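Residues per chain, in single letters:
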Amino acid sequence: MNLYLRYFDNETLVSNADEAIDFLRSIQDISVTPDLEADVREYAASDVYFPKRYKVRAHVYFIVIKTVAATMLDFKQKKGLRNGPANVVPERRVTTDNLMMHLTALREGWYEGELNFKRVVMIPSTGKHEYRDTRFVARCKATSGEDCYNRIVDHLRSQVDTRSQFPSAKGKNFRFKYLGMWK
C-alpha cells in the first residue's frame, strides 16, 4: 500500500510511513511533532482507507491518501482504486433494490407492519410538547408491503398529534412481514 501526500503544489507518492515523514520534514511550513509522526505511522498501518487531513494552521491542511497505485501517473489516472472492500457498496445497493421489490410486490393477504415514529406528546407538568420515539405494530389486510405502510400511517394520522413525524416506508424504521392469504 502506498501513500500519496499533498501540500499545495508539493506532492509525492511514497511506499511507507518513514518516507512520508521525510517528505513532511522537507516542507518548511509543517512542523513534524512526535504526535504527528505517530499518527501518520498509525494511519499507514491501519485498515482505514479514507483520506486523512492534517491541519497545519487555520484553513491550511495537507492530505494523506492510501492507494495501490505504483506510480504518480497511475494515481492521477485513478488506476490505484482498491478492488477489495469497496465492492460492499454495490452489494448493499442490490439488497436495497431487493427490499424495494418486496415492498411494492403485489401479494394480497394479512401483513404485520412495525413502524417506529416520532410522536408528539404533551408533558403535563410543563404544558410543553416533545417528540418521543414510539413503536407501533399492527396487523392488517393489504395488497403489498407499501399498502400495509399506508394503512398504518393513515390510521396513526387520525389518532396522534398532526405534528408527529412518520418515517419513509423505504427506511429502516418500517418493517413488515407477510402472514398469509385472507379468507
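Given the structure is predicted, the values throughout are model-derived calculations rather than measurements.

Cut-off values and rules
- Residues numbered from 1 in each chain as written.
- Predicted model: local features only at pLDDT ≥ 70, side-chain atom pairs only at ≥ 80, totals over all residues.
- Heavy atoms only, no water.
- Helix = DSSP H or I, 4+ residues; strand = E, 2+ residues; numbered from the N terminus.
- Buried < 20%, exposed > 50% of the residue type's maximum accessible area, 1.4 Å probe, protein only.
- Core = buried A, V, L, I, M, F, W, Y, C linked by side-chain atoms within 4.5 Å.
- Contact = heavy atoms within 4.5 Å.
- Pairing = 2+ DSSP bridges.
- Axes fitted to C-alpha atoms, helices over the stretch in contact; angles between N-to-C directions.

Let's talk about the environment of M72
Right, on to step 1. Following the sequence through the fold, M72 ends up in helix α3 (residues 72-76).
Right, on to step 2. Residue M72 is classed as partly exposed on the basis of its relative accessible area, which comes to 24%.
Right, on to step 3. When the C-alpha positions of M72 and Y4 are compared, they lie 8.3 Å apart, and in sequence the two are 68 residues distant.

Side note on the nonpolar core
For soluble globular proteins, nonpolar side chains are generally found buried alongside one another.
Right, on to step 1. Counting 17 residues, the largest nonpolar core has L5 and F62 as its most contacted members.
Right, on to step 2. The greatest single-element share of this core, amounting to four residues, is contributed by helix α1 (residues 17-25).
Right, on to step 3. Excluding its chain neighbours within four sequence positions, the residues that come into contact with F62 are R6, Y7, L24, I30, L36, K52, R53, Y54 and V56.
Right, on to step 4. In this structure, L103, Y149, I152 and F174 belong to the second largest nonpolar core, which totals 16 residues.

Some thoughts on the sheet that holds strand β1 (residues 2-7)
Right, on to step 1. Spatially, four strands are ordered β2-β1-β4-β3 in an open sheet, and the strand pairing comes out antiparallel. Edge positions in the sheet fall to β2 (10-14) and β3 (52-57), since each has one partner strand and no second. Taken pair by pair, the neighbouring strands of this sheet meet at an average axis angle of 15°, ignoring direction.
Right, on to step 2. Looking at chain direction, β1 and strand β4 (residues 60-67) are connected through five bridges and run antiparallel. For L5, the partnering residue across the bridge sits in β4 and is V64.

Quick notes on the sheet that holds strand β7 (residues 174-180)
Right, on to step 1. Spatial strand order, β6-β5-β7: three strands in an open sheet with antiparallel pairing. In this open sheet, the two edge strands, each paired with only one partner strand, are β6 (129-142) and β7. Ignoring strand direction, the axes of neighbouring strands in this sheet form an average angle of 20°.
Right, on to step 2. Strand direction decides the pairing type here: strand β5 (residues 109-122) and β6, joined by 14 bridges, are antiparallel. Paired with W110 across the strands is K141, a residue of β6.

Interpretation note: all reported values are geometric properties and have no functional meaning in isolation.
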